[in-house]
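Structural characterization, general
Chain residues, written in single-letter form:
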Amino acid sequence: MSKQVLIVGGTTGIGRELAAAYARQGASVIIAGRDSTGAERTAKELNAETDTAQVRGIAADLSKPEILKDALSGIDHVDAIVLTGMRRDNNTIAGYDIAGATELAITKIVGYTTVVHALRSRISPTGSVLLFGGLAKDIPYPGSTTVTTVNAGVTGLVATLAKELAPVRVNAVHPGMVGDSPYWADNQPAVEAARARILTGVVPTMRDIVEGSMFLLENPAANGVNLDLNGGHA
Ligand SMILES: NC(=O)c1ccc[n+]([C@@H]2O[C@H](COP(=O)([O-])OP(=O)(O)OC[C@H]3O[C@@H](n4cnc5c(N)ncnc54)[C@H](OP(=O)(O)O)[C@@H]3O)[C@@H](O)[C@H]2O)c1
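A brief structural summary. (Residues numbered from 1 in each chain as written. Predicted model: local features only at pLDDT ≥ 70, side-chain atom pairs only at ≥ 80, totals over all residues. Heavy atoms only, no water.)

1. Observations concerning the overall build of the chain
- Tallying secondary structure elements over the chain gives eight helices and seven strands in all.
- Here the C-alpha atoms of the chain give a radius of gyration of 17 Å, agreeing with the 17 Å that 2.2 N^0.38 yields for 234 residues.
- C-alpha atoms of the chain, sized along the principal axes, occupy 45 × 35 × 35 Å.
- A total of 234 residues make up the chain; the buried ones form 51% of that total. (Helix = DSSP H or I, 4+ residues; strand = E, 2+ residues; numbered from the N terminus. Rg over C-alpha atoms; globule rule 2.2 N^0.38 Å. Buried < 20%, exposed > 50% of the residue type's maximum accessible area, 1.4 Å probe, protein only.)

2. A closer look at the site of the ligand
- As a matter of local geometry, the ligand sits amid 29 residues, with Thr11, Thr12, Ile14, Arg34 and Thr84 nearest to it.
- For the ligand, an oxygen atom lies 2.8 Å from a polar atom in the backbone of threonine 84.
- Across the complex, the protein chains shield 89% of the 900 Å² of accessible surface that the ligand would expose by itself.
- Only α1 (13-24), α4 (98-119) and α6 (182-185) provide two or more residues apiece to the shell around the ligand.
- The residue inventory of the shell around the ligand, partitioned by class, reads 11 nonpolar, 13 polar and five charged. (Near = heavy atom within 4 Å. Polar contact = N/O pair within 3.5 Å; in protein donor to acceptor, adjacent residues only side chain to side chain. Areas by Shrake-Rupley, 256 points an atom, 1.4 Å probe, with all protein chains shown as cover. Nonpolar A, V, L, I, M, F, W, Y, C, P; charged D, E, K, R; others polar.)

3. Some remarks on the sheet that holds strand β2 (residues 28-33)
- Taking strand neighbours across the sheet as the criterion, the seven strands line up as β3-β2-β1-β4-β5-β6-β7 in an open arrangement whose pairing is parallel. Each having just a single partner strand, β3 (55-59) and β7 (226-229) make up the two edges of the open sheet. Sheet twist, expressed as the mean angle between neighbouring strand axes with direction ignored, is 20°.
- Examined bridge by bridge, strand β1 (residues 4-8) and strand β4 (residues 78-83) share four bridges and lie parallel to one another. By the bridge assignment, valine 5 is partnered in β4 with alanine 80.
- Those strands touched by α4 are β1, β4 and β5 (123-132), and its axis lies near 170° from that of β4. (Pairing = 2+ DSSP bridges. Axes fitted to C-alpha atoms, helices over the stretch in contact; angles between N-to-C directions. Contact = heavy atoms within 4.5 Å.)

4. Section: the packing of aromatic side chains
- Applying the stated criterion across every chain, the model contains one aromatic pair.
- Consider the rings of tyrosine 183 and tryptophan 184, whose centres lie 5.0 Å apart with planes at 85°: the pair is edge-to-face.
- On the basis of relative accessibility, which here comes to 46%, the residue tyrosine 183 falls in the partly exposed class.
- Here tryptophan 184 falls in the partly exposed class, since its relative accessible area comes to 23%. (Phe/Tyr/Trp six-rings, centres within 6.5 Å; stacked < 30°, edge-to-face > 60°.)

5. Let's talk about the pattern of salt bridges
- If you walk through the whole model with that rule in mind, you get eight salt bridges.
- One salt bridge in this structure joins lysine 137 and aspartate 138, with 2.5 Å as the shortest N-O distance.
- Classification of lysine 137 as buried rests on a relative accessible area of 16%.
- Here the salt bridges do not stand alone but share partners, grouping Arg16, Glu45 and Glu49 into one network. (Salt bridge = Lys/Arg side-chain N within 4 Å of Asp/Glu carboxyl O.)

6. Some details on the packing of α1 against helix α2 (residues 36-50)
- Running from amino to carboxyl end, α1 crosses α2 at an angle of 45°, the nearest separation of the two axes being 10 Å. Here α1 lies oblique to α2, going by the angle between them. For the pair α1 and α2, the crossing hand works out as right-handed. In this structure, α1 uses Arg16, Ala19, Ala20, Ala23 and Arg24 to contact α2, whose residues at the interface are Thr42, Glu45, Leu46, Glu49 and Thr50.
- Looking at side-chain class alone, the contact of α1 with α2 contains four nonpolar, two polar and four charged residues. (Parallel < 35°, antiparallel > 145°, perpendicular 65-115°, else oblique. Left-handed = near helix turned anticlockwise from the far one by under 90°.)

Following this line, the structure appears as structure tokens:
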């Protein structure tokens, strides 16, 4: 059986890059986003880009945990689960938007957990789960209340899931700003401003995060790790 990788949030950004990297290695990759049309379209693009037929797309909306069991029922086994999907929530206390905060909190905490719950008996014993958090867990910024809270929550999820899923490994990657990710690529002034706060003076790229992610997913000794990848924060 070939290695099977599920990336929920694999239709754009870092998840998409990770899907391409696994497809190039010969793994079967299932990418999921909120709707099947978008996911199937991206899967087609990835197959063309990687010159493979390794990628397929499905819908799995993390903000609607009650539908995830059915959404994932077509997956017979999985070796690696990557949970990276989210919609950003810029939310100050003064202008607190309950809907945005609720969506992000459900997506990253209940949605991520529900995917693992739904697939728990189909994860290979030598397999692993990778959750995406972010630097905001330690370094808040105005409007990051929910982002900071859920990314800190991801560290709690790593601790509990690693215990409950053993021997399956569970880790998280916490990127700082990823300069060439779609969200930042068109905002170079913000990227330049961030560079001044990075000890290396080099803004991480999607490639850097993909390499760190593959290390956590593949290294048999990596378990319960929260890996910060941000170049060092000044
Ligand atoms: N980029 C950065 O600078 C940065 C910094 C710190 C942390 N991070 C973390 O890294 C991860 C990836 O970031 P990114 O910038 O690469 O993301 P992105 O380009 O914004 O992509 C987000 C992905 O999430 C999917 N998604 C959104 N809502 C979803 C839902 N309810 N259910 C399922 N999928 C959903 C989107 O797919 P559809 O649109 O098809 O639904 C898309 O594939 C995120 O968890 C983010 O918090 C990123």
